[in-house]
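Notes for the structure review
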Amino acid sequence: MPKNNSEPVAETPEHTPEMATLQAGIRAALHGDKILARKLLLQVTTLNPAQEEAWLWLAGVTDELEEAQAYLQTVLALNPSNQQAQAGLRWIESRLDNRDGQRPLPQSSATVQRAFSLSREQAEAIDRVMDKIAYESEARCIILADVTGQLISARGQTEQMNTQVLSALAAGELAATHEMARLVGERARFKLLLHEGEHHSVYLSDIGEQLILIIVFDNETPIGLVRMILRLAVDRLLPLIAQEERSDSQPTAAQGLSADFARLLQSVLDSSLK
Amino acid sequence: MFINWKSRELNLKIVYYGPALSGKTTNLQFIHDRTSPQVRSELVSLKTREDRTIFFDFLQLELGQIKGLKPKFHLYTVPGQVLYEATRKLVLQGADGVVFVVDSQMNRLPDNIQSFKALHRQLIELGVNPAKMPIVIQFNKRDLPGVAPVPVLHRLFAPNGTPTFESVATEGVGVFETLKASINSVVAYAQKQL
């Protein structure tokens with residue numbers, strides 16, 4: 001006898017909302033409606049993140065290889081012996097190898113050298129040059145940092161300023177600006193960034209490939225003067241940085257970072273906890 | 001790493017990396033809240049009105065003088081949202097160590113995997129060998145329902161014995177353990193470079 005339609009259906013595993021959505025998702029996938037399929041399948045994985053089949057089908061309805069790869073790895077995380085996921089992953093990895101092999105390495109805006117150190121003599125000479133430039137230009141302060149935002153030298157009136165944070169922000173801003181230049185198709189880098197306020201103005205610029213200079217004035221400053229400062233900085237500072245470091249100035253380098261350094265560091269960190 | 005032998009400062013950069021909403025900023029907030037103001041800077045957060053990181057967060061720890069050196073750690077987070085890929089790479093420049101913050105929720109696994117791959121790709125693009133970079137993995141949000149089992153996360157993110165830590169960053173669980181492990185591996189790596 002046929003069942004009465006109004007009779008409530010028991011929630012067997014086949015009839016849970018999760019399974020109904022999964023089946024609707026699979027049907028949409030089979031009909032080629034990838035957008036609907038994806039939406040439904042993601043609903044399933046939200047309801048039940050351990051739903052292996054939904055992850056597997058998700059891999060089939062995405063056009064992005066890396067995304068599909070991540071879905072299949074999730075399937076394997078749930079069930080390492082899932083053969084469809086294994087085969088799918090092998091296929092994707094070969095496609096990715098082909099694609100990445102043909103693609104030239106993306107241009108990096110700056111490949112930064114990882115270790116950078118200044119001898120005492122270099123650091124002193126840099127401070128002297130910075131003092132002189134700050135004095136001659138009547139800038140409130142001048143800050144030299146590297147392109148990763150690492151503060152190298154800050155001279156002038158810096159007492160009320162967190163110069164390390166300023167360096168980090170300036171490096172981020174310059175890097176973002178270079179990326180903008182690249183995106184709009186500008187081959188050269190944008191050279192100088194200017195921020196003018198009511199009482200202060202701030203100029204940011206690259207100095208060579210690895211360094212940036214931040215100049216803060218208390219008042220409006222003719223751009224010609226800023227350009228002069230930058231020329232001075234390039235002429236006087238770059239040769240100092242480029243000097244070979246003299247190794248006799250840091251006799252305790254390796255000793256300082258000896259085995260118990262990390263342990264001592266941890267105890268300082270522990271004692272500084274509130 | 002940057003060493004100034006005049007001021008005897010040893011500067012090291014640690015970047016908290018991971019997918020959107022995995023808890024990177026929460027880690028830094030907890031570190032900021034629990035360390036004394038003498039050793040840490042203010043926490044600088046560049047975020048949207050919805051409290052999402054748009055550029056980076058920055059916190060500096062200055063841990064006094066140890067064996068004649070003044071170690072300073074610069075902690076950064078990257079914005080996790082997919083569209084900020086270029087920004088992530090910029091922040092990653094010059095990193096001496098990475099903390100990868102995994103969102104343990106099962107339905108976030110693909111996002112974690114994609115972010116982990118992007119990290120490796122970006123390191124290579126920056127000329128850094130990911131296998132040599134000191135990386136520490138944090139499995140965050142362990143208090144939530146529907147989290148992936150730790151052995152599964154191990155297999156995906158730390159198959160070669162990378163240090164891992166379980167955490168609930170909102171409550172501070174595992175936050176300092178992760179930071180200390182990262183500091184350890186970064187210092188060990190710096191020792192090799194000197």
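Residues numbered from 1 in each chain as written. Chains lettered and ligands numbered in written order. Predicted model: local features only at pLDDT ≥ 70, side-chain atom pairs only at ≥ 80, totals over all residues. Heavy atoms only, no water.

Within chain B, the secondary structure is distributed over five helices and eight strands. Its helices and strands taken in sequence order, chain B reads β-β-α-β-β-β-α-β-α-β-α-β-α from the N to the C terminus. Its C-alpha atoms give chain B a radius of gyration of 16 Å, near enough to 16 Å, the size a compact globule of 194 residues would have. The principal-axis extent of the C-alpha atoms belonging to chain B is close to 50 × 35 × 30 Å. Put simply, chain B has 194 residues, and 63% of those count as buried. When contacts within chain B are restricted to residue pairs at least 6 apart in sequence, long-range pairs at least 24 apart make up 67% of them. In the form shown here, chain B has an accessible surface area of approximately 7,100 Å², with 52% of it arising from carbon and sulfur atoms. (Helix = DSSP H or I, 4+ residues; strand = E, 2+ residues; numbered from the N terminus. Rg over C-alpha atoms; globule rule 2.2 N^0.38 Å. Buried < 20%, exposed > 50% of the residue type's maximum accessible area, 1.4 Å probe, protein only. Contact = heavy atoms within 4.5 Å. Areas by Shrake-Rupley, 256 points an atom, 1.4 Å probe, with all protein chains shown as cover.)

With that settled, consider the environment of Arg140 of chain A. All names here are of chain A. Along the chain, the position of Arg140 falls in the loop between helix H6 (120–137) and strand E2 (141–146). Its relative accessible area of 19% is what places Arg140 among the buried residues. Between the alpha carbons of Arg140 and Phe217 there is a distance of 4.9 Å; along the sequence they are 77 residues apart. Ignoring sequence-local partners within four residues, the contact set of Arg140 consists of Arg155, Gly156, Gln157, Met161, His200, Val216, Phe217 and Asp218.

Turning our eyes to something else, we now look at the sheet that holds strand E5 (residues 201–207) of chain A. Residues and elements named next belong to chain A. One open sheet holds the five strands; their spatial order is E3-E2-E6-E5-E4, and the pairing between them is antiparallel. Each of the sheet's edge strands pairs with one partner strand only, and the pair in question is strand E3 (151–156) and strand E4 (192–196). The mean inter-strand angle of the sheet, taken between neighbouring strand axes irrespective of direction, is 15°. Bridge count between E4 and E5: five bridges; the pairing is antiparallel. (Pairing = 2+ DSSP bridges. Axes fitted to C-alpha atoms, helices over the stretch in contact; angles between N-to-C directions.)

Residue and element names in this part refer to chain A. Alignment of E2 against E3, held across five bridges, turns out to be antiparallel. Among the inter-strand pairings, Ile143 is bridged to a residue of E3, identified as Ala154. Following E2, the chain reverses through four residues before pairing antiparallel with E3; Gly149 in that reversal takes a positive phi of roughly 95°.

Glancing now at the packing of helix H2 (residues 34–47) of chain A against helix H3 (residues 52–61) of chain A. Residue and element names in this part refer to chain A. Between H2 and H3, the least distance of the axes is 9 Å, while the angle of their chain directions is 155°. The pairing of H2 with H3 is recorded here as roughly antiparallel in orientation. In this structure, H2 crosses over H3, and the sense of that crossing is left-handed. Of H3, the residues touching H2 (which contributes Lys34, Ala37, Arg38, Leu41, Leu42, Val44 and Thr45) are Ala54, Trp55, Trp57, Leu58, Gly60 and Val61. Looking at the contact of H2 with H3 residue by residue, the classes come out as nine nonpolar, two polar and two charged. (Parallel < 35°, antiparallel > 145°, perpendicular 65-115°, else oblique. Left-handed = near helix turned anticlockwise from the far one by under 90°. Nonpolar A, V, L, I, M, F, W, Y, C, P; charged D, E, K, R; others polar.)

Applying the stated criterion across every chain yields a total of nine aromatic pairs over all chains. Centroid distance Tyr203 of chain A to Phe217 of chain A: 5.9 Å. Interplanar angle 85°. Geometry classified as edge-to-face. Residue Tyr203 of chain A is located in strand E5, and its partner Phe217 of chain A is located in strand E6 (residues 211–217); the two are separated by 14 residues in the primary sequence. One exposure class covers both Tyr203 of chain A and Phe217 of chain A, and it is buried. One aromatic cluster is present, formed by Tyr17, Phe100, Phe116 and Phe157 of chain B through successive ring pairs. Directly above the aromatic system of Tyr76 of chain B lies the positively charged group of Lys13 of chain B, at a separation of 4.5 Å from the ring centroid. (Phe/Tyr/Trp six-rings, centres within 6.5 Å; stacked < 30°, edge-to-face > 60°. Lys NZ or Arg CZ within 6 Å of the ring centre and 35° of its normal.)

This part covers the interface of chain B and chain A. Facing 66 residues of chain B, the contacting portion of chain A comprises 71 residues. Looking at the side of chain B facing chain A, the largest losses of area belong to Phe2, Trp5 and Lys6 of chain B, adding up to 13% of the total buried there. A salt bridge links Asp127 of chain A to Lys6 of chain B, with the nearest nitrogen and oxygen atoms 2.6 Å apart. Put simply, chain B and chain A have twelve residue pairs in polar contact (both at pLDDT 80 or more) between them. (Buried area = accessible area lost by both parts, 1.4 Å probe. Salt bridge = Lys/Arg side-chain N within 4 Å of Asp/Glu carboxyl O. Polar contact = N/O pair within 3.5 Å; in protein donor to acceptor, adjacent residues only side chain to side chain.)

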